[in-house]
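So you can see what is in the structure, the chains are spelled out below.
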Amino acid sequence: MKDRVALCADAVAGWHAAWLTALGIRSIQNGNAWRASEAPYFIYFAGITLRPDTPAAAVASSPGAVCDSWSTLDLSSFDFRLWKTEPWFHRPAGILSAEEAPGELEIVRVTTADEVAELEAVSVRGFAQEDATIEPGIMHPPTVLEDPRMVLWLGRVSGAPVGAAMSFRTDEAVGIFGVTTVASARRRGYGPALTRAAILPETNLPAVLAPSPEAERLYERLGFRRVGELRIWSRKSRARDAAITARRLHEHLPAV
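Computed from a predicted model, the values in this text were never measured in an experiment.

Participant: I tried to follow the sheet that holds strand β3 (residues 47-49) on my own but got confused; where do I start?
Facilitator: To summarise the sheet geometry, strands pair through backbone hydrogen bonds and adopt either a parallel or an antiparallel arrangement. Across the sheet, 11 strands lie side by side as β1-β2-β3-β4-β11-β5-β10-β9-β8-β7-β6; this open sheet has mixed pairing. The open sheet terminates on both sides in strands that have one partner only, identified here as β1 (27-29) and β6 (105-109). Geometrically, the sheet is characterised by an average inter-axis angle of 20° between neighbouring strands, direction not taken into account. Note: strand β5 (residues 80-91) against strand β10 (residues 207-209), three bridges, orientation antiparallel. The residue of β10 that forms the bridge with R91 is A207.

This is the structure we're talking about:
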């Protein structure tokens, strides 16, 4: 059986590669690490370790934040500072228990450029402030729909977007990312319903994610369990960007 943290790292690398490709940014991957060719938008990693014994040199030249998937590296001598840690969660393959979504919540699989823009906007409102805005395509361009492994979900109530979720399928797992609801729509079961929607098409595969502290119990109720911890290293030379990220977002990834 593959190391469960490796399943998490592979899914995160695949998700990042898909979005950066859509943004026109190349990335490279080998047995040790995944790296972006240039600095991506601040919500994205620029380097991800793919093995527990990946040497620091494999990600030291990353042009932005690094996901140290097994928390084994010390990058402080390479112009990085340790920003924060997050847990890895894993759910074994298997059918989800039956549970009805809130009746007023409409969950839509994203298939058009306009829906991607709607998802991008509600994601920013969910992870930052509810009145936050973004120019369409800066963070999540619609060309990502060309990758069949990426699936995006919108949650609407009375036609208005209130939440979002994403999944990315690898050969061995499905990664769940970017689950969020706007502040005024929280504690109504929308987040769990969106998470279930992202998992249901792929219950034959394990599911992996990196939750915020506030969401850990939610995912535990869905059968996820903690299997490790990652460290996020930010570039000292990009400290201002990291400070903006920490102030504006409740968690690093669209989640990872």
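Back to the write-up after that little detour.
Participant: Can you help me understand unusual backbone geometry in this one?
Facilitator: Leaving glycine out, the prevailing phi sign among residues is negative, and the prevailing peptide bond configuration is trans. One non-glycine residue, D79, lies in the positive phi region at around 70°. By the element assignment, D79 lies in the loop between β4 (66-68) and β5. Residue classification places D79 among the partly exposed residues on the basis of a relative accessible area of 31%. For R187, which is not a glycine, the phi torsion comes out positive at approximately 65°. Inspection of the secondary structure puts R187 in the loop between β9 (174-181) and α3 (190-199).

Participant: What is the right way to look at the environment of A215 in this model?
Facilitator: Tracing the chain through its elements places A215 in the loop between β10 and α4 (216-221). According to the relative accessible area criterion, A215 is buried, its value standing at 14%. Considered as a pair, A215 and D68 are 147 residues apart in the sequence and their alpha carbons are 21 Å apart.

Participant: Would you take a moment to explain the side chain of T54 for this structure?
Facilitator: In this fold, T54 is placed in the loop between β3 and β4. Looking at T54, its side chain comes within polar contact range of the main-chain oxygen of N32, at 2.7 Å. In terms of polar contacts, T54 uses its side chain to reach the backbone carbonyl oxygen of R51, at 3.0 Å. Excluding anything up to four places from it in sequence, T54 contacts N32, A33, T49 and L73.

Participant: Honestly, the nonpolar core in this entry has me stumped. Any pointers?
Facilitator: One broad trend across soluble globular proteins is that nonpolar side chains are buried collectively. Ranked by internal contacts, the top residues of the largest apolar core, which has 58 residues, are W15, W19, W34, I48, W88, M150 and L152. With 14 residues, helix α1 (residues 4-22) is the single largest residue contributor to this core. In contact with I48, other than residues within four places in its own chain, are A9, V12, A13, H16, N32, A33, W34, V59, C67 and S69. Membership of the second largest hydrophobic core comes to 19 residues, among which are F89, L96, I199 and A215.

The rules behind these values
- Residues numbered from 1 in each chain as written.
- Predicted model: local features only at pLDDT ≥ 70, side-chain atom pairs only at ≥ 80, totals over all residues.
- Heavy atoms only, no water.
- Pairing = 2+ DSSP bridges.
- Helix = DSSP H or I, 4+ residues; strand = E, 2+ residues; numbered from the N terminus.
- Axes fitted to C-alpha atoms, helices over the stretch in contact; angles between N-to-C directions.
- Buried < 20%, exposed > 50% of the residue type's maximum accessible area, 1.4 Å probe, protein only.
- Polar contact = N/O pair within 3.5 Å; in protein donor to acceptor, adjacent residues only side chain to side chain.
- Contact = heavy atoms within 4.5 Å.
- Core = buried A, V, L, I, M, F, W, Y, C linked by side-chain atoms within 4.5 Å.

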